[in-house]
Structures are given as C-alpha cells and as structure tokens.
Amino acid sequence: MGEARASEIWVLDNFWAAKVAWCESGDLTPDGSLVARTDGVHYIIGAPIPDVPASCKGYGGSRFQVTFVCGPHAGTVIVTDNLWCQGGIPDEYRDRLPPNAIVEPITARRGGERG
C-alpha cells in the first residue's frame, strides 16, 4: 500500500472515529451541535444563524425537520435551515452509528403550509 493511500485511510478512520465519539457522548459534537443519523447518512444540525446568506448554510439554507426517534434526544423535533451532511456512514461503522432520527425536507406549499 502506498504512503498516500495509507494516509487517506488514516484520515477516514479518524473522521468516522470522531463521529463514534460524538454518538457515545450523547449525540453531541464538541461544540454542542446535535447529531442525526438516518438511512445510513450522518448529519449535524448547525446553530441558527439568521443574518447569514443561505449560501453559507448547510444545504444552501434549505429547511428540514429532524425528528429524533431514539437515543438521548428521542421525542425532540427541530426545524433547521442549517443542516450539514457528513456523508454515508461506511459499513464498518454502521453498528456503532445507528439511526436515531428521521430527516425530512420541508417544502413550501400554498398558504405557507409545509409538507
């Protein structure tokens, strides 16, 4: 295995090991952001930042509803326009990073209803 490939594996292992540590710390990042996992994908709910352009927020400021279905935040529902995706959880980490939420996009309907 080349040095560049070994370095890439080390970085990815450290990246996902940090996500496991967050899970074991109550699904919170070191700065206190909530962590959601669904359908094998890992997310962080960023802090509300109302005076920042949407282009500087997760998913370009699109709105999502995150419903925590298990774990320390079970029953909590959050609507956010600052959701950040860390990507698909590798198979070797899925048993340590189980689903804990339902993440649904919010689309505008007539009359301001969401759906």
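Quick summary incoming for the structure in this document.

Quick notes on the environment of I45
Phase 1 of the analysis: Secondary-structure assignment places I45 in strand β2 (residues 41–45).
Phase 2 of the analysis: Overall, the relative accessible area of 7% leaves I45 in the buried class.
Phase 3 of the analysis: For the pair I45 and T80, spaced 35 residues apart in the sequence, the C-alpha separation amounts to 7.1 Å.
Phase 4 of the analysis: Setting aside residues up to four positions removed in sequence, I45 forms contacts with S33, L34, V66, F68, I78, T80, N82 and L83.

Some words on the pairing of β2
Phase 1 of the analysis: Of all five residues making up β2, five are buried, and the element is well covered by its neighbours.
Phase 2 of the analysis: Across the two faces of β2 the burial is the same, with V41, Y43 and I45 and H42 and I44 all buried.
Phase 3 of the analysis: Pairing of strand β1 (residues 34–38) with β2, which is carried by five bridges, proceeds in the antiparallel orientation. Counterpart to T38 in the pairing with β2 is V41.
Phase 4 of the analysis: Here β1 folds back onto β2 in antiparallel fashion, the turn holding two residues, of which D39 has a positive phi close to 50°.
Phase 5 of the analysis: Relative to strand β5 (residues 83–88), β2 runs antiparallel, the two sharing five bridges. Among the inter-strand pairings, H42 is bridged to a residue of β5, identified as G87.

Re the nonpolar core
Phase 1 of the analysis: With 12 residues, the main nonpolar core is built from L34, A36, V41, Y43, I45, F64, V66, F68, I78, L83, A101 and V103.
Phase 2 of the analysis: At the level of elements, β1, β2, β3 (64–68) and β6 (101–105) are the ones that each hand at least two residues to this core.
Phase 3 of the analysis: Those residues in contact with L83, other than ones at most four positions away along the chain, are Y43, I44, I45, G58, Y59, F64, V66 and V103.
Phase 4 of the analysis: By size, the runner-up hydrophobic cluster in this structure holds six residues, among which are V20, C23, I89 and L97.

Regarding the side chain of T29
Phase 1 of the analysis: Relative to the helices and strands, T29 resides in the loop between α1 (3–24) and β1.
Phase 2 of the analysis: The class of T29 is buried, set by a relative accessible area of 9%.
Phase 3 of the analysis: Setting aside residues up to four positions removed in sequence, T29 forms contacts with W22, V35 and I44.

Each value, and the rule that gives it
- Numbering of residues begins from 1 in every chain and follows the order in which that chain's sequence is written.
- Given that this is a predicted model, residues contribute local features only at a pLDDT of at least 70 and side-chain atom pairs are listed and counted only at 80 or more, while totals for whole chains, interfaces and linings are drawn from all residues.
- Note that the side-chain values use all heavy atoms of the structure and ignore hydrogens as well as water.
- Here a strand is any run of E in DSSP of at least two residues, a helix any run of H or I of at least four, and the numbering for each starts at the N terminus.
- We call a residue buried when its accessible area falls under 20% of the maximum for its residue type, exposed when it is over 50%, and partly exposed in between, using a 1.4 Å probe and counting protein chains only.
- Working rule for contacts: check all heavy atoms of both residues, and any pair within 4.5 Å makes them a contact.
- A pair of strands is labelled paired if DSSP reports no fewer than 2 bridges between them.
- In plain words, nonpolar cores are sets of buried Ala, Val, Leu, Ile, Met, Phe, Trp, Tyr and Cys residues tied together by side-chain atoms within 4.5 Å.

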